[in-house]
Amino acid sequence: GESVGLHLPTLSVQEGDNSIINCAYSNSASDYFIWYKQESGKGPQFIIDIRSNMDKRQGQRVTVLLNKTVKHLSLQIAATQPGDSAVYFCAENYQGGSEKLVFGKGTKLTVNP
Amino acid sequence: EAQVTQNPRYLITVTGKKLTVTCSQNMNHEYMSWYRQDPGLGLRQIYYSMNVEVTDKGDVPEGYKVSRKEKRNFPLILESPSPNQTSLYFCASSFYRNQPQHFGDGTRLSIL
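Residues numbered from 1 in each chain as written. Chains lettered and ligands numbered in written order. Predicted model: local features only at pLDDT ≥ 70, side-chain atom pairs only at ≥ 80, totals over all residues. Heavy atoms only, no water.

Trainee: Even after reading the chapter, I still don't get a nonpolar patch on the surface, so can you show me in this structure?
Mentor: A grouping of Ile 12, Val 14 and Leu 112 of chain B is seen on the molecular surface, where their side chains present a nonpolar patch of about 330 Å² in accessible area. Positionally, Ile 12 of chain B belongs in strand β2 (residues 10-13). (Patch = residues over 30% accessible without salt bridge, like charges linked within 9 Å, V, L, I, M, F, W, Y side chains within 5 Å. Areas by Shrake-Rupley, 256 points an atom, 1.4 Å probe, with all protein chains shown as cover. Salt bridge = Lys/Arg side-chain N within 4 Å of Asp/Glu carboxyl O. Helix = DSSP H or I, 4+ residues; strand = E, 2+ residues; numbered from the N terminus.)

Rendered as structure tokens:
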């Protein structure tokens, strides 16, 4: 998701539904990608990562999909719970003049009970 | 408990008054980094350190200094703070660059 101005993209789902959060990355040479979750008043918390030699990786209730052809990353959360409500960031390990971690602007997920 | 600790958590100060935000990690991580988070701009890297005595600029280093004299500590120094440095700051660490970073709980700085 891309942000516009000061407003984060938002996703609102019902408790128990599956959520899909999307992210477009910028550098085709990026070799490592991470998803973070940030709850209000806290620092980002690691969820799951994936290296560029993989297309899919699964964790507990979460799956990350990587499509290198279109430079797209997605995070799928199964059976979304109210505790999943947070801002979700993707990050890419950017291989440019100097290697660095570049974060997306985030997507706000709201889970309705 | 494995953690990244930042101090202070909140600070209101005035333009030009030097300040330091401390960051300490107890996980023996080699890589440490500072970010600022601003509405609509996300997390932007200020400085990072690959190991003791090795530091490098991130995306927005102007107005900031860092040092890495010991593995566990990575202080962020604002020699002459200005209002455009009002932001939420995060310190993070990991064993190496290409690994998930552990973040502190943030320091909210207001420069008047």
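This is not the end of the story, as more comes after the structure.
Trainee: Help me out: how do you make sense of the sheet that holds strand β5 (residues 56-58) of chain A in this one?
Mentor: The pairing of strands in a sheet comes from backbone hydrogen bonds and takes either a parallel or an antiparallel form. Residue and element names in this part refer to chain A. With antiparallel pairing, four strands are arranged side by side in an open sheet as β2-β7-β6-β5. Strand pairing shows two members of the sheet lacking a second neighbour, β2 (19-24) and β5, which therefore form its edges. Sheet twist, expressed as the average angle between the axes of neighbouring strands with direction ignored, equals 15 degrees. Pairing analysis gives six bridges linking β2 to strand β7 (residues 72-77), with the strands arranged antiparallel. When the sheet's bridge partners are listed, Cys 23 is paired in β7 with Leu 73. (Pairing = 2+ DSSP bridges. Axes fitted to C-alpha atoms, helices over the stretch in contact; angles between N-to-C directions.)

Trainee: Sorry, what's going on with the pattern of salt bridges here?
Mentor: It is possible for side chains bearing opposite charge to pair when their charged atoms get close. All names here are of chain B. Inspection of every chain in the model, using the stated rule, returns seven salt bridges over all chains. In this structure, Arg 36 engages Asp 38 in a salt bridge whose closest nitrogen and oxygen atoms are separated by 2.8 Å. Each member of the pair, Arg 36 as well as Asp 38, is classed as buried. Linked by salt bridges that have partners in common, Lys 18, Lys 65 and Glu 79 make up one network. (Buried < 20%, exposed > 50% of the residue type's maximum accessible area, 1.4 Å probe, protein only.)

Nothing here speaks to function; it is geometry throughout.
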